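Chains, contacts and geometry: an overview
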Amino acid sequence: MNRLLFATFPLLLLVALWWLAVIALEVPHFILPSPERVARVLVERLPLISGHAFTTASEIVSGLMLGTLLGFAVACLIGDSKKLTQITMPALVISQALPVFAIAPILMLWLGYGFASKLAMTTLIVFFPVTASTLAGFRAMPRSWELTFQTLRPKRWQLFWFVRLPLAIPYALSGVRVAASVAPIGAVVGEWVGSSSGLGYLMLHANGRGQTDLMFAALIVLCVEALLIWSLVNRLTNRFDQNSHFAD
Amino acid sequence: MTGARRRGIVTQCDPELTVLTITNLDLSYPGHETLATVSWQVNRGDQVALLGRSGTGKSTLLSAIIQDSLAVTKDSERIAYLSQQPALLPWATAIENVLLGFKLRGDTQSPEATEQALNLLYQVELGTYAHRQVSLLSGGQKARIALARVLLEQSDLVLLDEPFAGLDRSTRIQIAALCQKLFASKTVILVTHDPRDAQDWLDTAMVLTTESIKGPYRLNDFASDRALIQALDGDL
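Here's what I pulled together on the structure shown here. This one's a predicted model, so the numbers in the text were calculated from it and none came from an experiment.

1. Regarding the overall build of chain B
Regarding its fold elements, chain B presents eight helices and nine strands. Expected size for 236 residues packed as a compact globule is a radius of gyration near 18 Å; at 18 Å, chain B falls within 12% of this value. Along the first, second and third principal axes, the C-alpha set of chain B runs to 55 × 40 × 35 Å. Taking all 236 residues of chain B together, the buried fraction comes to 45%.

Below is the structure:
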């Protein structure tokens, strides 16, 4: 109970300050609606908002899963070879350095306005942290360990499977945790650029009609959704870390 | 001359006896100038401490031996290496780590090998910990598991790279006593910057300076700090 109170205290403080600002500064509701007004919209339009929230959540979760799978697979393919890593690294960095906003119109053109383009964008944003972290895991083996294993005359595949891969797993999981926190960006940007569903779409739609309270309600739901997904991923990855005894 | 005195410890240059020959090996770190140029011959059964200040290339020399540098000729492919950070998989048990070589080579792990591994764990006084996860063991226990693996691999040449660093003095003495007992028939090179690690166990030392490798010396000659400093500076 104390922990919950401790965790929610900053949020409660923020809401209190927001409320105070609205009252004290007499801000028009179409610029900054009061928390009460946003809460009312949230309740009244819950069916509409939850439908869009479901779309965004499915884009985030699917993109997170696909991006993790691809990022991990690519890291496994290139992680065992320094040369391959050097060759592919520029492409990997570019995939992250280009803002998703810049790529979004092209992905829309290729994949349409439906689920696929949002999935691609979320996957793209998730891919790099997972790949980079897993690669760091492959490179983390101390030099003295490399020498020791060399004296055991290992087969390459066996060394990869029994030593390098398990050693890289905690790094990969840490990458997944980072990816989970940025995955919503891909989904929402995709929805902004072109879609007919999702919280990003709902926010744009509400903005166009001057429904600032609905915009705020969608934003709050998006925050809660992102936090829930991140917490879930955190719990899952922590449990996997402990169950596998990967952490020394 | 004060302090240590170079003694006439003659190493026979019989090709039949030679297990390792290093000829004009330039020790260097990537992007840095060459340190010492080393020529050294090690005979079967030699047990020698390799002393030197930090950064003189002691570990680089061992690395060159393991990695088949062009300047290195070895009589045996069976080399064991044990370092300050024993390469033990933290999620595996003690016995799984001892048997790791079989797994990495894709060899079938016979019941005899498992029994031998268990016996070796008993020899290093860890038999009762055979099925305990390595991450739950202490630094000294980990060092002993690594010793058991070295023994199971039946290597002819054992390279020890400061394996006692990071252990307390009493554990160092225990491990050194174990090494003396278990490696009695093996060729051993023990890299260390502290002759006390070797004095309990070895008699002979070579000294690697930034210019060359010098020796052999008797380890007892380094009893005083002054003699040791002279030797490490290459002034002996």
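2. Concerning the sheet that holds strand β4 (residues 72-74) of chain B
Residue and element names in this part refer to chain B. In spatial order, the strands read β2-β1-β4; together these three strands make up an open sheet with antiparallel pairing. Edge positions in the sheet fall to β2 (37-43) and β4, since each has one partner strand and no second. Here the average twist between neighbouring strands, direction ignored, is 5°. Note that strand β1 (residues 18-26) and β2 share six bridges and pair antiparallel. Following the sheet pairing, L20 is matched in β2 by V42.

3. Structural notes on the interface of chain A and chain B
How big an interface is tends to be stated in terms of accessible area lost as the parts join. Taken together, the 21 residues of chain A in the interface contact 22 residues of chain B. With seven residues, helix α7 (residues 143-151) of chain A is the single largest residue contributor to the side of chain A that touches chain B. Classifying every residue of the side of chain A that touches chain B gives 11 nonpolar, seven polar and three charged.

4. Thoughts on the nonpolar core
Counting 78 residues, the largest nonpolar core has V98(B), A148(B) and L159(B) as the members making the most contacts within it. A total of eight residues in this core trace back to one element, the largest contributor, which is helix α5 (residues 139-152) of chain B. Counting contributing residues, this core receives three or more from each of domain 1 (1-78 + 156-236) and domain 2 (88-154) of chain B. Not counting the four nearest positions on each side in its chain, V98(B) is found in contact with A117(B), L120(B), L121(B), I145(B), A148(B), R149(B) and L152(B). Counting 50 residues, the second-largest nonpolar core is a separate cluster that includes A57(A), A75(A), L124(A) and W230(A).

So, how was this worked out
- Residue indices begin from 1 for each chain and proceed along its sequence in written order.
- Both sets of labels track the order of writing: A upward for chains, 1 upward for ligands.
- For this predicted model, a pLDDT threshold of at least 70 governs which residues receive local features, and a threshold of 80 or more governs which side-chain atom pairs are given and counted, while totals over whole chains, interfaces and linings are taken from all residues.
- Helix and strand definitions here come from DSSP, where helices need a minimum of 4 consecutive H or I residues and strands a minimum of 2 consecutive E residues; each element is numbered from the N-terminal end.
- We compute the radius of gyration from the C-alpha atoms alone; for a globule the expected value is 2.2 Å times N to the 0.38, where N is the number of residues.
- Every C-beta atom is placed from the backbone, and the number of other C-beta atoms within 10 Å of a residue's own sets its class: buried at 20 or more, exposed at 12 or fewer, partly exposed in between.
- For two strands to pair, DSSP has to find at least two bridges joining them.
- For helices, the fitted axis covers only the stretch in contact; all axes are lines through C-alpha atoms, and the angles between them, taken along N-to-C directions, range from 0 to 180 degrees.
- Think of it this way: build a C-beta for each residue from its backbone, and any pair within 7 Å is a contact.
- Residues are sorted three ways: Asp, Glu, Lys and Arg are charged, Ala, Val, Leu, Ile, Met, Phe, Trp, Tyr, Cys and Pro are nonpolar, and all the rest, Gly among them, are polar.
- Nonpolar cores are identified as sets of buried Ala, Val, Leu, Ile, Met, Phe, Trp, Tyr and Cys residues joined via C-beta atoms within 7 Å.
- Throughout the structure description, domain borders are defined by an automatic or database domain assignment.

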